[in-house]
Amino acid sequence: MPLRFNFCPHCNEKIRFKIEKEDIDPSQYPAPVYIYHNDKSCGKLSTFYVDSLLRVSYKELEKKAGAIKTIETQK
Ligand SMILES: [Zn+2]
């Protein structure tokens, strides 16, 4: 289960989350997944797009269509 480090596009804090193949729809890459920043000071949702190796390609502030799962960031 790959562990990814990135930054929340809302608050720019460092985040980490685990992602698996089952978390995305592989019919199209980059594939969207919702990332919930599980932190009291933020608590916002954004959309991250990952490639076939589950590496983050880019991200959007908004909740975009097409994701099949919401992943909470780890503390
Ligand atoms: Zn945040």
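Preceding this section is the structure that the text describes.
I will try to describe carefully the structure that is included in this document. (Residues numbered from 1 in each chain as written. Predicted model: local features only at pLDDT ≥ 70, side-chain atom pairs only at ≥ 80, totals over all residues.)

Next up on the list: the sheet that holds strand β5 (residues 56-60). Sheet strands associate in pairs through backbone hydrogen bonding, adopting either a parallel or an antiparallel arrangement. On the basis of which strands lie adjacent, the open sheet formed by four strands has the order β5-β4-β3-β6 and mixed pairing. Every interior strand has two partners, whereas the edge strands, β5 and β6 (70-72), have only one. In this sheet, neighbouring strand axes are inclined to one another by 35° on average, regardless of whether the strands run parallel or antiparallel. As defined by bridge partners, strand β4 (residues 45-50) adjoins β5 across four bridges and the pair is classed as antiparallel. The partner of Phe48 across the bridge, within β5, is Lys59. (Pairing = 2+ DSSP bridges. Helix = DSSP H or I, 4+ residues; strand = E, 2+ residues; numbered from the N terminus. Axes fitted to C-alpha atoms, helices over the stretch in contact; angles between N-to-C directions.)

What follows concerns the environment of Tyr29. Inspection of the secondary structure puts Tyr29 in the loop between β2 (14-18) and β3 (31-36). For Tyr29, a count of 13 C-beta atoms within 10 Å translates into the label partly exposed. In sequence terms Tyr29 and Asp51 are 22 residues apart; their C-alpha atoms lie 5.5 Å from each other. (Buried ≥ 20, exposed ≤ 12 C-beta atoms within 10 Å, placed from the backbone.)

A regular strand carries its side chains on alternate faces of the sheet. Summarising the sheet, β3 and β4 pair through six bridges and their orientation is antiparallel. Bridge pairing in β4 links Tyr34 to Thr47. In this structure, β3 lies alongside β6, joined through three bridges in parallel fashion. If you follow Ile35 over to β6, its bridge partner there is Ile71.

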